[in-house]
Amino acid sequence: MSSSTETTRPSPAGLTEVKGRVIMPEDPTYDQARTVFYGGIDKRPTAIVRVSDVADVRRVITTARDEGYELAVRSGGHSIVGHSTTEGGIVIDLRGMSKIEIDPRARTAWVETGATAIQVTEALAEHGLVIGFGDSGSVGVGGITLGGGIGFLVRKFGMTIDSLLAAEVVTADGRHVRADANHHSDLFWAIRGGGGNFGVVTRLQFRLHELTQFTGGILILPATPETIAGFAAAALAAPDELSTIGNIMPAPPMPFLPNEVHGRLVIFAMIAFAGDDEAAKRAIAPFRSLATPIADMVKPGPYVGMYPPEDPSYHPTAVARTMFVNSIDASTAETVFEYLSKSDATMRVAQLRALGGAMARVPADATAYAHRSKPMLVNVAAFYQGEAEREGRRSWATEFARTLQPNDDAAYVGFLTDDGEARIRAAYPGATWDRLTRIKSVYDPSNLFRLNQNIPPEA
Ligand SMILES: Cc1cc2nc3c(=O)[nH]c(=O)nc-3n(C[C@H](O)[C@H](O)[C@H](O)COP(=O)(O)OP(=O)(O)OC[C@H]3O[C@@H](n4cnc5c(N)ncnc54)[C@H](O)[C@@H]3O)c2cc1C
């Protein structure tokens with residue numbers, strides 16, 4: 001990739017005042033600093049600014065705005081489309097702002113947005129408290145919360161945004177504002193699901209939930225059309241305490257799996273029961289009885305065990321499509337099985353997430369996430385090796401998704417990729433979109449924050 005941007009523009013003048021670290025292309029840590037979670041994203045920012053406080057965030061916003069640099073905002077770097085980096089622009093990297101302040105008596109916590117889900121989950125575990133994030137420990141609290149947050153506790157405690165009490169935001173004009181039910185309440189509504197469109201969120205205040213008994217882990221079942229349909233039905237019928245993520249995919253070559261299973265289609269399920277052991281056994285029984293499990297590592301233990309250690313050098317290249325469905329009946333399960341069987345991608349997956357429970361009891365207009373009544377979220381994805389494979393994998397994922405859901409474009413913004421404008425609109429149906437664009441006009445009229453699933457200001 002060309003490095004012309006390094007030489008054709010002078011360094012951003014406004015960054016000289018920054019207290020944190022400004023990493024430019026000549027810095028020996030530049031390549032590491034510009035790397036994001038997904039592979040195949042190879043952008044060269046003019047500067048990556050490891051901000052140390054709110055004043056730094058303000059300086060970078062002002063610099064990008066006044067000197068005409070594209071601005072990317074990064075908390076955990078897990079953007080599926082690489083929105084948290086930029087070619088030639090400036091990255092605000094919040095990872096150095098990761099302070100976690102817990103008030104166990106009030107059951108609240110202030111969390112700086114550069115913290116990761118695992119850091120917060122570990123800190124809360126000491127107090128028997130939780131916030132529900134997603135299925136990845138290394139995701140940034142900033143990105144997952146602003147998108148909505150659907151994870152292992154979604155049916156018991158709702159989405160991540162459903163535990164959000166307040167946020168501190170630096171807006172495009174450099175103001176640092178508090179947004180909550182009584183201050184900038186429109187902004188508070190918008191950032192709960194509207195993504196990074198409205199400013200840089202520096203701190204989030206969460207309501208915490210007590211969780212003293214938990215059962216969870218990996219359950220691997222053979223995948224057949226019958227077990228796939230049975231898994232989906234059991235997941236939808238489960239009590240609120242039970243949230244599941246069923247990944248139908250080739251069995252990875254994990255040491256605890258027999259060799260003959262490697263590469264065969266399995267349901268690699270993450271099971272999470274937020275409650276006591278006996279109730280957990282009863283709730284999980286329908287899944288265990290679908291077929292003789294290939295592996296059953298579901299057991300009582302701390303919730304934090306749901307986040308196994310991750311390899312920081314893991315940067316997969318993948319294509320994905322997301323959708324909502326009402327159920328997976330026998331014929332849809334056949335389709336799932338067929339599509340996964342006919343692909344030769346080293347990793348391909350259909351991921352089933354039953355929703356409902358606490359997340360569905362929040363009114364659709366209470367936050368910018370409006371798809372409260374959708375019963376099930378499905379993601380399909382395939383890894384590709386090298387650019388030459390990309391288009392083929394992409395067509396497979398697009399066709400697979402269209403076959404599973406031909407009628408409804410609705411989407412959860414956290415899992416959108418390069419789906420285009422129509423699908424961003426479909427993530428925010430009807431009045432939600434109109435309200436978001438109005439709020440965008442107030443807080444970011446020039447669309448400075450546009451490296452995201454973009455909501456433009458009202459025309
Ligand atoms: C492996 C993997 C697993 C995932 N699993 C789940 C899951 O189980 N549930 C779920 O809900 N989602 C999940 N996601 C989606 C994930 O929540 C989003 O990609 C999210 O945006 C990532 O947040 P981040 O801070 O790590 O990413 P970043 O790449 O740092 O940020 C993504 C975007 O969010 C915005 N943003 C981030 N931080 C801020 C901030 N402080 N202020 C303003 N804007 C900000 C910016 O627009 C930025 O471009 C997963 C993603 C991956 C890669």
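Worth saying up front: this structure is predicted, and the values here are computed from it rather than measured.

## Structural notes on the sheet that holds strand 3 (residues 71-74)
Thought 1: Pairing is mixed across the open sheet formed by four strands, whose spatial order is 1-2-4-3. Edge positions in the sheet fall to strand 1 (21-23) and strand 3, since each has one partner strand and no second. With direction set aside, neighbouring strand axes in the sheet form an average angle of 20°.
Thought 2: Bridge count between strand 2 (residues 47-50) and strand 4 (residues 90-93): four bridges; the pairing is parallel. Paired with Arg50 across the two strands is Asp93, which belongs to strand 4.
Thought 3: The strands touched by helix 3 (residues 54-67) are strand 2, strand 3 and strand 4; relative to strand 4, the strand with the most contacts, the crossing angle is about 165°.

## Overview of the site of the ligand
Thought 1: For the ligand, the set of nearby residues contains 34 residues, the closest of which are Ser75, Gly77, Ser84, Ile150 and Tyr412.
Thought 2: One of the backbone nitrogen or oxygen atoms of Gly143 is found 3.1 Å away from an oxygen atom of the ligand.
Thought 3: Ile150 is positioned with one of its backbone polar atoms (N or O) 2.7 Å from a nitrogen atom of the ligand.
Thought 4: Considering the ligand on its own, with 950 Å² of exposed area, one finds that the protein chains cover 92% of that surface.
Thought 5: Residue assignment for the shell around the ligand shows that the elements contributing at least two residues are strand 3, helix 5 (141-147) and strand 10 (200-207).
Thought 6: Examining the composition of the shell around the ligand, we find that four residues originate from one element, helix 5, more than from any other.
Thought 7: Taken together, the residues of the shell around the ligand break down into 13 nonpolar, 18 polar and three charged.

## Here we look at the nonpolar core
Thought 1: Judged by nonpolar contacts, the single largest core of 65 residues is most densely connected at Phe133, Phe206 and Tyr303.
Thought 2: No other element matches helix 7 (residues 185-191), which puts five residues into this core.
Thought 3: The residues contacting Phe206, other than those within four sequence positions of it, are Arg107, Thr108, Ala109, Val111, Ile131, Phe133, Val141, Thr145, Thr160, Ser163, Leu164 and Leu165.
Thought 4: Ranked by size, the runner-up nonpolar core spans 45 residues in total, among them Ala223, Ala234, Leu242 and Phe287.

## Concerning the pairing of strand 17 (residues 318-325)
Two faces make up the sheet, and in a regular strand the side chains alternate between them.
Thought 1: Counting buried positions along strand 17 yields six of eight residues, so the element is predominantly enclosed.
Thought 2: For strand 17 and strand 19 (residues 376-383), the ladder comprises eight bridges, and the chain directions are antiparallel. From the neighbouring strand, Val319 faces strand 19, where its bridge partner is Ala382.

## Section: helix 9 (residues 277-288)
Thought 1: The end-to-end C-alpha separation of helix 9 is 15 Å, in line with the 16 Å expected for 12 residues at 1.5 Å each.
Thought 2: Looking only at helix 9, the buried set comprises Ala279, Ala280, Ala283, Ile284 and Phe287. Here the buried residues of helix 9 occupy an arc of 115° about the axis, which is enough to place them on one side.
Thought 3: For helix 9, the secondary structure elements touched by its buried residues are strand 12 (215-222), helix 8 (225-237), strand 13 (242-250) and strand 14 (265-273).
Thought 4: The opening residue of helix 9 is Asp276, an N-cap whose side-chain oxygen sits 3.2 Å from the backbone nitrogen of Glu278.

## So, the packing of aromatic side chains
Thought 1: One pass over the full model with this rule turns up 12 aromatic pairs.
Thought 2: Between the aromatic rings of Phe37 and Tyr38, the centroid separation amounts to 5.0 Å while the plane-to-plane angle is 90°, which identifies the pairing as edge-to-face.
Thought 3: Between Tyr412 and Phe415 the ring centres are 5.3 Å apart and the planes differ by 85°, which places this aromatic pair in the edge-to-face class.
Thought 4: Using a relative accessible area of 4% as the deciding quantity, one classes Tyr412 as buried.

## Topic: the packing of helix 8 against helix 10 (residues 330-342)
Thought 1: Where helix 8 meets helix 10, the closest approach of the two axes is 8 Å, and the angle between their N-to-C directions is 120°. Between helix 8 and helix 10, the angle is such that the two are oblique. Every pair of crossing elements has a handedness; the one defined by helix 8 and helix 10 is right-handed. Of the residues in helix 10, those touching helix 8 at Pro225, Ile228 and Ala229 are Ala330, Ala333, Glu334, Val336 and Phe337.
Thought 2: Grouping the amino acids of the contact of helix 8 with helix 10 by side-chain chemistry returns seven nonpolar, no polar and one charged.

## Re the pattern of salt bridges
Thought 1: Inspection of the entire model under this criterion finds 30 salt bridges.
Thought 2: In this structure, the salt-bridge partner of Arg390 is Asp418, at a minimum N-O distance of 4.0 Å. One end of the pair, Arg390, is in helix 11 (residues 387-404); the other, Asp418, is in the loop between helix 11 and helix 12 (421-427), with 28 residues separating them in the sequence.
Thought 3: Between Arg423 and Asp419 there is a salt bridge, with its nearest N and O atoms 3.0 Å apart.

The rules we used
- Residues numbered from 1 in each chain as written.
- Predicted model: local features only at pLDDT ≥ 70, side-chain atom pairs only at ≥ 80, totals over all residues.
- Heavy atoms only, no water.
- Pairing = 2+ DSSP bridges.
- Helix = DSSP H or I, 4+ residues; strand = E, 2+ residues; numbered from the N terminus.
- Axes fitted to C-alpha atoms, helices over the stretch in contact; angles between N-to-C directions.
- Contact = heavy atoms within 4.5 Å.
- Near = heavy atom within 4 Å.
- Polar contact = N/O pair within 3.5 Å; in protein donor to acceptor, adjacent residues only side chain to side chain.
- Areas by Shrake-Rupley, 256 points an atom, 1.4 Å probe, with all protein chains shown as cover.
- Nonpolar A, V, L, I, M, F, W, Y, C, P; charged D, E, K, R; others polar.
- Core = buried A, V, L, I, M, F, W, Y, C linked by side-chain atoms within 4.5 Å.
- Buried < 20%, exposed > 50% of the residue type's maximum accessible area, 1.4 Å probe, protein only.
- Expected span 1.5 Å × (residues − 1).
- Arc of directions from axis to C-beta.
- Phe/Tyr/Trp six-rings, centres within 6.5 Å; stacked < 30°, edge-to-face > 60°.
- Parallel < 35°, antiparallel > 145°, perpendicular 65-115°, else oblique.
- Left-handed = near helix turned anticlockwise from the far one by under 90°.
- Salt bridge = Lys/Arg side-chain N within 4 Å of Asp/Glu carboxyl O.

In short, the description is geometric, and any link to function would need to be established separately.
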